[in-house]
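Architecture at a glance
Each chain, written out:
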Amino acid sequence: MSARLSIGLVARRTGATVPTVRYYEEIGLLPAASRTASGQRSYDEATVRRLVFIRRCRDFGFSIDQVRELVGLVDEPDRPCVEVRDIAASHLQQVRRKLDELKALETSLSAIVCGCNVACAGGAAVDCTILEDLAVPGEDPARAPGTGCCPPRAVETPSFNETQGHGVRPSG
């Protein structure tokens, strides 16, 4: 007989919380735990492996429904791999759409911050162009004339030696 594990131990070993383990069990992603004589949940190594799988899926941003589909494919190993690939490919498309939306948001925010830097930074909040831009319905400040004043800033990254605490900058 394999070792039985408490819910707390399963949670610690997988990086989940106890409420998360209970939730995944409640919604059917994890099988119902057996119970000890005192009524406490008891799990096996297969449950730990399944929970790690679920958490990795969630780390990659898969929705609960997508995780449910993937778990179903794990449970039916004779189904074609292309089904798994299609779920992952669909999720990849969603991630790419979100990235495009975030890039557009970055452009818009950059434009309104730049507009403030040029027009009113240092003045009273009541005169701030950001507050005015946010009050205009449906207008994208990034498309407004004259707002392309600030090129995207490059993020300065420390050299390898700086991150190691040596403070040595490469020459050049």
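On a predicted model such as this, the values are computed, not experimentally measured, just so you know. (Residues numbered from 1 in each chain as written. Predicted model: local features only at pLDDT ≥ 70, side-chain atom pairs only at ≥ 80, totals over all residues. Heavy atoms only, no water.)

1. What about a nonpolar patch on the surface?
A surface patch of nonpolar side chains, about 510 Å² in accessible area, is lined by Leu92, Val95, Leu99, Leu102, Leu105 and Leu109. Note on placement: valine 95 falls in helix 5 (residues 81–119). (Patch = residues over 30% accessible without salt bridge, like charges linked within 9 Å, V, L, I, M, F, W, Y side chains within 5 Å. Areas by Shrake-Rupley, 256 points an atom, 1.4 Å probe, with all protein chains shown as cover. Salt bridge = Lys/Arg side-chain N within 4 Å of Asp/Glu carboxyl O. Helix = DSSP H or I, 4+ residues; strand = E, 2+ residues; numbered from the N terminus.)

2. Details of helix 3 (residues 45–59)
Taking 1.5 Å of rise per residue, the 15 residues of helix 3 would be expected to cover 21 Å, and the 21 Å separating its terminal C-alpha atoms lies within 8% of that figure. Buried within helix 3 are the following residues: Thr47, Val48, Arg50, Leu51, Ile54 and Cys57. Where helix 3 is buried, its residues touch helix 1 (7–14), helix 2 (18–26) and helix 4 (64–75). For helix 3, the side-chain oxygen to backbone nitrogen distance between the N-cap and alanine 46 is 3.3 Å, and the N-cap itself is aspartate 44. Where helix 3 terminates, the next one or two residues include glycine 61, which has phi positive at roughly 85°. (Expected span 1.5 Å × (residues − 1). Buried < 20%, exposed > 50% of the residue type's maximum accessible area, 1.4 Å probe, protein only. Contact = heavy atoms within 4.5 Å. Polar contact = N/O pair within 3.5 Å; in protein donor to acceptor, adjacent residues only side chain to side chain.)

3. With respect to the packing of aromatic side chains
For any pair of aromatic rings, the description rests on two quantities: the centre-to-centre distance and the angle between the ring planes. Counted by the stated rule, this structure contains one aromatic pair. A centroid spacing of 5.8 Å and a plane angle of 50° characterise the contact between tyrosine 23 and tyrosine 24, whose relative ring orientation is tilted. Accessibility expressed as a relative area gives 38% for tyrosine 23, which makes it partly exposed. (Phe/Tyr/Trp six-rings, centres within 6.5 Å; stacked < 30°, edge-to-face > 60°.)

4. Here we look at the packing of helix 4 against helix 5
The contact between helix 4 and helix 5 brings their axes to 10 Å, and the two run at 160°. With respect to helix 5, the axis of helix 4 lies roughly antiparallel. Between helix 4 and helix 5 lies a crossing of left-handed hand. Contacts from Gln66, Glu69, Leu70 and Leu73 in helix 4 reach Glu83, Val84, Ile87, His91 and Gln94 in helix 5. Taken together, the residues of the contact of helix 4 with helix 5 sort by class into four nonpolar, three polar and two charged. (Axes fitted to C-alpha atoms, helices over the stretch in contact; angles between N-to-C directions. Parallel < 35°, antiparallel > 145°, perpendicular 65-115°, else oblique. Left-handed = near helix turned anticlockwise from the far one by under 90°. Nonpolar A, V, L, I, M, F, W, Y, C, P; charged D, E, K, R; others polar.)

5. Some thoughts on the side chain of histidine 91
Looking at the secondary structure, you find histidine 91 in helix 5. A distance of 2.8 Å separates the side chain of histidine 91 from the backbone oxygen of phenylalanine 60, its partner in a polar contact. Here the side chain of histidine 91 touches glycine 61 through a polar contact of 3.4 Å, landing on its backbone oxygen. Once residues lying within four places of it in the same chain are set aside, the contact partners of histidine 91 are Phe60, Gly61, Phe62 and Gln66.

6. Overview of the pattern of salt bridges
One pass over the structure, following the stated rule, counts seven salt bridges. Of the charged contacts in the structure, one is a salt bridge between arginine 79 and glutamate 83, with a shortest N-O distance of 2.5 Å. Three or more residues are tied together by salt bridges with common partners; here these are Glu76, Arg79 and Glu83.

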